[in-house]
Amino acid sequence: MEERHKRILQRNRVNLVRDLNPSDMYHGLLSEGIFTQDMIDEIKSSGIRQDQARQLVRDLETRGSLAFPALIECLHETGQHSLAELLLDGEPQNQPLPQSVHVRPVVRPLPVSPEREFGKPRATGRVRRDSIQSYKMDANPCGHCLIINNVDFEPKSELSKRTGSNIDCEKLERRFKSLNFIVLVKRNLKQKQIKQELSALSKKDHSQYDCCVVIMLSHGTEVCNNRFPGAVHGVDGPNVPVQHITNYLNGQNCLSLQGKPKIFFIQACGGGERDTGFEVSPDEARPCIGGTGDQTDAMPMSSSSDSLSTQSDEPDAKATLPTPSDILVSYSTFPGYVSWRDTQAGSWYVETLDNILEENAATDDLVTMLMMVSHEVSENSANGLYKQMPGSFNFLRKLLYFQALPCQRPILS
């Protein structure tokens, strides 16, 4: 498909996913040779109508230059004229679309016998990456979201107050309520209390829900483990390894979440090291976004030339990984490095994550949005010098699309 047509589809994806009736389109797109029967079957298996519409639009972008005019023709033929006109509004007037389209398949169909009986497997072939299925995410509510927000640490912990974390917590509580989650916020928990909350979450019956989210806002430390790196501190000082946090909800310990996505967001440093980045060309450089109020979520570090107070959540950069299914852990920073937090606006990572979810949750999958978060955060600078790079350990098996509901922002007086 031509780039200008891809851009038209991308600009109108929200409307297409909301209004398109894909079941009416299959026969026309099949007869025109845009899709093979196996491709149609894969789209049908992607989920409810909105999921099928989303997958159909994604797949159309891979089907050659005649896919867009064929789409317009099928929309008219199936009575979906408003969508056709919406897409045509973005088409240059001096390049009219052809009245009829005769297309041939651009790939050879998989060998499938028409007499194949129900229940027997199709002929095997390479699974196309752009036809990956999506997780079921239409339960109402979608699932539980636990937020643990540690701000005030006991003196014996020797960890400083995490000023600005309440701003992060409020943003994420509001955001995940708008994504149709049941949100529970717990504040200033000791190590034992963190474990108790995670255990209680694992013992809930999640059978009627599609997903579970855990968000940790705390100091952290570097630990040696053989799975997920890092650990988060309780307000009393002792920590809980991220590996243990994920274990509470894995398929072995929480049966009602088997096969369902478990998402963990860790706002914490990856260590005590500060990244000054590397020099880039002027075209790639952006103005400094961070300010003098930036702090890190790192443990205290001594530095005679450093005027910034530091606190870090340090994952282990040398960890080896197994392959746990349906788990994604998103870290605010790369293992070994600090994670920056503005005392007035909250952390770079959470502020960016909240903005990306608001703007893109209706159209993009989670992994794509986390890539956007990494890109945006990587271009920030603390005091014009220090950098930050978020990242994820992704063991999801399918694409994950949140339910995007309107999010009510607080009214400022």
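Treat the numbers as computed from the prediction; the structure is a model and nothing was measured. Counting of residues starts from 1 at the beginning of each chain's written sequence and follows it residue by residue. With pLDDT at 70 or above as the cut-off, local features in this predicted model cover only qualifying residues; side-chain atom pairs require 80 or more to be listed or tallied, and sums for whole chains, interfaces and linings still use all residues. Side-chain figures throughout are based on the complete set of non-hydrogen atoms in the structure, without hydrogens or water.

(A) Quick peek at the sheet that holds strand β1 (residues 143-149). DSSP bridges decide pairing: two strands pair if at least two such bridges lie between them. Under the DSSP-based scheme used, a helix requires at least four consecutive residues in state H or I and a strand at least two consecutive residues in state E, with every element numbered from the N terminus. What the six strands build is an open sheet, ordered β2-β1-β3-β7-β9-β12; its pairing is mixed. In the strand order of this sheet, the two ends are held by β2 (181-187) and β12 (391-395), each with one partner. Neighbour-to-neighbour, the strand axes of the sheet open up by a mean angle of 10°, direction not taken into account. Examined bridge by bridge, strand β7 (residues 262-267) and strand β9 (residues 327-331) share five bridges and lie parallel to one another. Within β9, the position partnered with Phe265 by the bridge is Ser330. Each axis is a line fitted through C-alpha atoms, and for a helix only the stretch in contact is used; angles between axes span 0 to 180 degrees, taken between their N-to-C directions.

(B) Spotlight on the UniProt feature "active site" (unreviewed entry) in the protein. UniProt positions are given in the numbering used here, feature names are shortened, and annotations may be inferred rather than shown by experiment. Those places that UniProt annotates as "active site" (unreviewed entry) correspond, in this numbering, to His219 and Cys269. Relative to the helices and strands, His219 is located in the loop between β3 (211-217) and β4 (220-221).

(C) Structural context of the nonpolar core. The term nonpolar core refers to a set of buried residues drawn from Ala, Val, Leu, Ile, Met, Phe, Trp, Tyr and Cys, joined through side-chain atoms within 4.5 Å. Only protein chains enter the accessibility calculation, which uses a 1.4 Å probe; a residue is then buried when its area is under 20% of its type maximum, exposed when over 50%, and partly exposed in between. The biggest cluster of nonpolar side chains holds 34 residues, and the ones touching the most others in it are Phe176, Phe181, Phe265 and Phe402. Counting only elements with at least two residues in this core, the list comes to β1, α8 (165-178), β2, β3, β7, α11 (348-360) and α12 (366-378). For this core, the element with the most residues is α11, which contributes six residues. Working rule for contacts: check all heavy atoms of both residues, and any pair within 4.5 Å makes them a contact. Aside from chain neighbours lying at most four places away, what touches Phe402 is Met137, Phe176, Leu179, Phe181, Leu357, Ala361, Leu366 and Met369.

(D) Geometry of the environment of Tyr401. As for its placement among the helices and strands, Tyr401 is situated in the segment after β12. Take Tyr401: its relative accessible area is 5%, and that puts it in the buried class. Measuring from C-alpha to C-alpha, the distance between Tyr401 and Val367 comes to 9.4 Å, with 34 residues separating the pair along the chain. Among all residues touching Tyr401, those that are not within four sequence positions of it are Arg54, Arg58, Ser134, Met137, Thr363, Asp364 and Asp365. One polar contact links Tyr401 to Arg58, side chain to side chain, over a distance of 3.3 Å. In protein, a polar contact requires one atom able to donate a hydrogen and another able to accept it; more generally it is a pair of N or O atoms within 3.5 Å, and residues adjacent in sequence count only if both atoms are side-chain atoms.

(E) Broad picture of the confidence of the model for the protein. For every residue, the predictor assigns a confidence score, pLDDT, that lies between 0 and 100. Averaged over every residue, the pLDDT of the protein is 76; the share at 70 or more is 69%. Scored below 50 in pLDDT, residues 93-131 makes 47 contacts in the model with residues more than four places away or belonging to other chains. Across residues 298-323, where pLDDT falls below 50, the model places 103 contacts with residues more than four positions away in sequence or in other chains.

(F) Main features of the packing of aromatic side chains. The criterion for an aromatic pair is that two Phe, Tyr or Trp rings (for Trp, the six-membered ring) have centres within 6.5 Å, with stacked assigned to planes under 30 degrees apart, edge-to-face to planes over 60 apart and tilted to the rest. All chains considered together, the criterion is met by seven aromatic pairs. Between Phe176 and Phe181, the ring centres sit 5.7 Å apart and the planes meet at 75°, which makes this aromatic pair edge-to-face. Phe181 matches Phe176 in its accessibility class, with the two residues each being buried. With a centroid separation of 5.8 Å and an interplanar angle of 55°, the aromatic rings of Phe176 and Phe265 are classed as tilted. Highlighted residues: Phe176 in helix α8 and Phe265 in strand β7, separated in sequence by 89 residues. Side by side, Phe176 and Phe265 carry an identical accessibility label, which is buried.

(G) Up close: the environment of Lys262. With respect to the helices and strands, the residue Lys262 is situated in strand β7. The exposure class of Lys262 is buried, given its relative accessible area of 1%. Each C-alpha atom of the pair Lys262 and Asn250 lies 7.9 Å from the other, and the pair is 12 residues apart in sequence. Of note is the side chain of Lys262, whose polar atom sits 2.9 Å from the backbone oxygen of Lys260.

(H) Up close: helix α9 (residues 191-203). Multiplying 1.5 Å by the helix residue count minus one yields the expected span of that helix. Over its 13 residues, α9 extends 19 Å from the first C-alpha to the last, a length consistent with the 18 Å expected when each residue adds 1.5 Å. Every buried residue of α9 is listed here: Gln191, Ile194, Leu198, Ser199, Leu201 and Ser202. Mapping the buried residues of α9 onto a view down its axis gives an arc of 160°, with all of them on the same face. Opposite the packed face of α9, turned more than 90 degrees from it, sit the exposed residues Lys192 and Lys203. Of the surrounding elements, those touching the buried residues of α9 are β1, β3, β5 (231-233), β6 (239-241) and α10 (242-247). To obtain the arc, one takes the directions from the helix axis to the C-beta atoms.

(I) The arrangement of unusual backbone geometry in detail. A cis amide bond, omega 0°, links Asn140 with the succeeding residue Pro141. Looking at the element boundaries, Pro141 is found in the loop between α7 (81-88) and β1. With phi around 60°, Glu158 is a residue other than glycine that occupies positive phi space. Relative to the elements of secondary structure, Glu158 occurs in the loop between β1 and α8. With phi around 70°, Asn180 is a residue other than glycine that occupies positive phi space. With respect to the helices and strands, the residue Asn180 is situated in the loop between α8 and β2. Judged by its relative accessible area of 13%, Asn180 falls in the buried class.

(J) Here's a closer look at the pattern of salt bridges. Salt bridges, as used here, are contacts in which a Lys or Arg side-chain nitrogen is within 4 Å of a carboxyl oxygen on Asp or Glu. Considering all chains together, one arrives at 15 salt bridges under this definition. Between Glu3 and Lys6 there is a salt bridge, with its nearest N and O atoms 3.7 Å apart. Pair noted here: Glu3 and Lys6 are both in helix α1 (residues 3-11), with a separation of three residues, about one helical turn. Two residues, Arg397 and Asp326, come together in a salt bridge whose shortest N-O distance is 2.8 Å. Residue Arg397 is found in the segment after β12, and its partner Asp326 is found in the loop between β8 (294-296) and β9; the two are separated by 71 residues along the sequence.

(K) Looking closely at the packing of α11 against α12. Two elements in contact, α11 and α12, have axes whose closest approach is 9 Å; the angle formed by their N-to-C orientations is 135°. In terms of orientation, α11 and α12 fall into the oblique class. The element α11 and its partner α12 pack so that their crossing is right-handed. Judged by residue contacts, Trp348, Tyr349, Thr352, Leu353, Ile356, Leu357 and Asn360 of α11 engage Met369, Leu370, Met372, Val373, Glu376 and Val377 from α12. Across the contact of α11 with α12, the residue classes tally to 10 nonpolar, two polar and one charged. Geometric relationships in this document are graded by angle, where less than 35 degrees denotes roughly parallel, more than 145 denotes roughly antiparallel, 65 to 115 denotes roughly perpendicular, and other angles denote oblique. Helix crossings get a hand from a simple test, with the near helix turned counterclockwise from the far one by less than a right angle marking a left-handed crossing and a clockwise turn marking a right-handed one. Charged residues are taken to be Asp, Glu, Lys and Arg, nonpolar residues to be Ala, Val, Leu, Ile, Met, Phe, Trp, Tyr, Cys and Pro, and polar residues to be all remaining types, Gly included.

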